[in-house]
Amino acid sequence: MSIAAPPAKVAPGGLGSGARIGIGLVLLIPALLALVWSYLIPTALTVWRSTTRDNLRGPVQSVGADNYQRLLERGIVADFGWTLVLTLVPLALALLVAPLLALLADRTGRSARRATRALLAVPVAGYAPVALLVGWRLDRLEPAEIGARPWATLAELTAVGAAGLVMAVATTAFLATMRGRRHRRDALPAALTVAGLLLFGILAATLQSFTAPLLTVRTEVPLTHVVMASLIRMDLGGGSAAAVLLLIPLALLGLAATALLLASRIRIETVDRAADRENDNHTTTDSSAAAEGGRRKSGIGLVVAGVFLVGVMLWAAWPWLRRSLRYTNDVAPMPSPDLAEMLTLTWLPTLVSALVTITIAAIGGFAIGGLRPLGRFSELLLLPFAPWLFVGTGPLAIEAYLRTRDAGQIGTFLGAMPPGWVSIPALFLFTVLFRGLEPRWRAGGSFGRSMVAPAAPMVVLVGVVTWLVSAGQVLWRWLAAQPPRRPAPLSVITDINTMRIPADELALGAVLPLPLLLLFLAILVWLQVSYLDRLAVRVSR
């Protein structure tokens, strides 16, 4: 009696295991080199510098743990605690409001779901925290209140600045957990995984807040310890010690998020069009009293929530919108910076940076999630990146500044580019995406139809969002720009803090010009409705 041999596993694209391992590891090299250059070496130098006394002028002296002791005496632990309190509103929006909105939209039907997605594109396309917060401070806050209640003011600014983006990202993610399911209770494991990742990400982002604290007084958040000590007090050792204390919780959050990703085996799949249409038709044609009543109640709830959210967004953004058509601060006798140069410094260096970082991330994500060089253990290749998953520019800003200064790039085009050469969050996202697409390629689908076509819109989406978000940031340009050549967000911050421009004359239109806003809105609405609506988040094997 003969025993039939088990069917051989088909490798992606017909590649043998050796070729898959070799090509995958080679394609991962650019991301690994970027990790070493942009994160690992600066982190090691930051740890070393935190044990020294360095004022940029005299010789560097070793002081052991003195810098850490001074920070503890100054109350940095309490500042960490107060900063975590700032996460309460963003977390409530992400973990309570967003899943409810996603559930209402999904239960109401395809048209309502797509209308909700189009609405979610608005706060992302209009992401301009400097313009939003400056307008809010001018029209909604009394100057006396800012000094009298600094932490309350900071909590208010943090909530206003983060609400739109947090709601858009969280609701989009929760909608993806429900896509293509007959029973919404089946989405609970994926929704819990998404909730955990959102929790870790919001905590990490708030710990690195910088723009909102710049608009308040007498508030010390972790990142201001880093920047103010290094630049204002000329104490690179003290600033580096603060950076190390900030890097520790960020690394733990990154490792926790990676552990959750590995344990849940989360992936992004494309919903089969025929099955999705059948599911939508089944939901629509189910004329039972309970189903019809549920859809009607969900629709009413969605309309009420949508009207309320639109009203809140307009009310919050109105101080910015009414100044959004003013592009220059040309108030005699103080001439404004050249508008064309200001816009160029705002958008062109960040565009180049986004193209480079997202390209390297997409290649690395394909190497891990698509080629799967280690088989079912391929996601372990994310572990070297995990400690820096949530690390932005701020904690490593001192070393990035010194590197840029030594290269003679302060005030130049290259110096205006954000210092990281790979977007680690994008690398994780592309890994999860290609992991979900790989089975169709393994089953014999063509590389173009199985991998390139479903992934290309995600590359565009992540690139656009990265460009938009990095163009709106202040910290790196605050370090690397050279007056009077400033990008628009930094110019506005300087004008309001020095009060060189009357409040009614302050130009906020240059921060996010209307033509660019409309372009971003058109791209994001199209991606939300035609692409993201076909993606589903799945967990487990």
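Residues numbered from 1 in each chain as written. Predicted model: local features only at pLDDT ≥ 70, side-chain atom pairs only at ≥ 80, totals over all residues. Heavy atoms only, no water.

1. A few points about helix α1 (residues 17-49)
Between its first and last C-alpha atoms α1 spans 44 Å; for 33 residues at 1.5 Å apiece the expected length is 48 Å, and the two agree. Along its length, α1 shows its largest kink, about 40 degrees, at Val 36. Among all positions in α1, only Arg 20, Gly 24, Leu 28, Ala 31, Ala 34, Leu 35, Ser 38, Tyr 39, Pro 42, Thr 43, Thr 46 and Arg 49 are buried. On the buried face of α1, the contacting elements are β1 (52-53), α2 (66-74), α12 (236-264), α15 (339-370), α16 (397-406) and α18 (424-442). (Helix = DSSP H or I, 4+ residues; strand = E, 2+ residues; numbered from the N terminus. Expected span 1.5 Å × (residues − 1). Bend = angle between axes of the 7 residues up to and from the residue. Buried < 20%, exposed > 50% of the residue type's maximum accessible area, 1.4 Å probe, protein only. Contact = heavy atoms within 4.5 Å.)

2. Digging into the pairing of strand β4 (residues 535-538)
Side-chain alternation along β4 places Leu 535 and Val 537 on one buried face and Ala 536 and Arg 538 on a second face that is also buried. As defined by bridge partners, strand β3 (residues 267-270) adjoins β4 across four bridges and the pair is classed as antiparallel. The residue of β4 that forms the bridge with Ile 268 is Val 537. (Pairing = 2+ DSSP bridges.)

3. So, the environment of Ala 426
Positionally, Ala 426 belongs in helix α18. In the structure, Ala 426 is positioned 84 residues away from Met 342 in sequence and 28 Å away in space, judged by C-alpha atoms. Every residue in contact with Ala 426, bar those within four places of it in the chain, is listed here: Ile 358, Ala 361 and Val 462.

4. A short note on the nonpolar core
Among the nonpolar cores identified, the biggest contains 149 residues, and Phe 174, Trp 320, Ile 424, Phe 430, Met 458, Leu 512 and Phe 520 are the most heavily contacted of them. The element that contributes the greatest number of residues to this core is helix α8 (residues 150-178), accounting for 13 residues. Sequence-distant contacts of Ile 424, defined by excluding residues within four places in its chain, comprise Leu 35, Tyr 39, Phe 385, Trp 388 and Leu 389. (Core = buried A, V, L, I, M, F, W, Y, C linked by side-chain atoms within 4.5 Å.)

5. Some words on the packing of α18 against helix α19 (residues 447-471)
Running from amino to carboxyl end, α18 crosses α19 at an angle of 160 degrees, the nearest separation of the two axes being 9 Å. Between α18 and α19, the angle is such that the two are roughly antiparallel. When you trace α18 past α19, the crossing you get is right-handed. Across from Ala 426, Leu 429, Phe 430, Leu 433, Phe 434, Leu 437, Glu 438, Arg 440 and Trp 441 in α18, the residues of α19 making contact are Phe 447, Ser 450, Met 451, Pro 454, Ala 455, Met 458, Val 459 and Val 462. Partitioning the contact of α18 with α19 into residue classes produces 14 nonpolar, one polar and two charged. (Axes fitted to C-alpha atoms, helices over the stretch in contact; angles between N-to-C directions. Parallel < 35°, antiparallel > 145°, perpendicular 65-115°, else oblique. Left-handed = near helix turned anticlockwise from the far one by under 90°. Nonpolar A, V, L, I, M, F, W, Y, C, P; charged D, E, K, R; others polar.)

6. Remarks on the side chain of Thr 404
Mapped onto the fold, Thr 404 is located in helix α16. At 2.8 Å, the side chain of Thr 404 forms a polar contact with the backbone oxygen of Ala 400. Apart from the residues within four sequence positions on either side, Thr 404 is in contact with Gln 409, Ile 410, Gly 415 and Trp 476. (Polar contact = N/O pair within 3.5 Å; in protein donor to acceptor, adjacent residues only side chain to side chain.)

7. What about the pattern of salt bridges?
Counted under the stated rule, the structure contains 15 salt bridges. The salt bridge partner of Glu 269 is Arg 267, with a shortest N-O separation of 2.8 Å. Assessed through its relative accessible area of 26%, Glu 269 is described here as partly exposed. Exposure remark for Arg 267: the relative accessible area of 14% places this residue in the buried category. Through salt bridges with shared partners, one network takes in Arg 113, Arg 114, Arg 117, Arg 179 and Asp 533. (Salt bridge = Lys/Arg side-chain N within 4 Å of Asp/Glu carboxyl O.)

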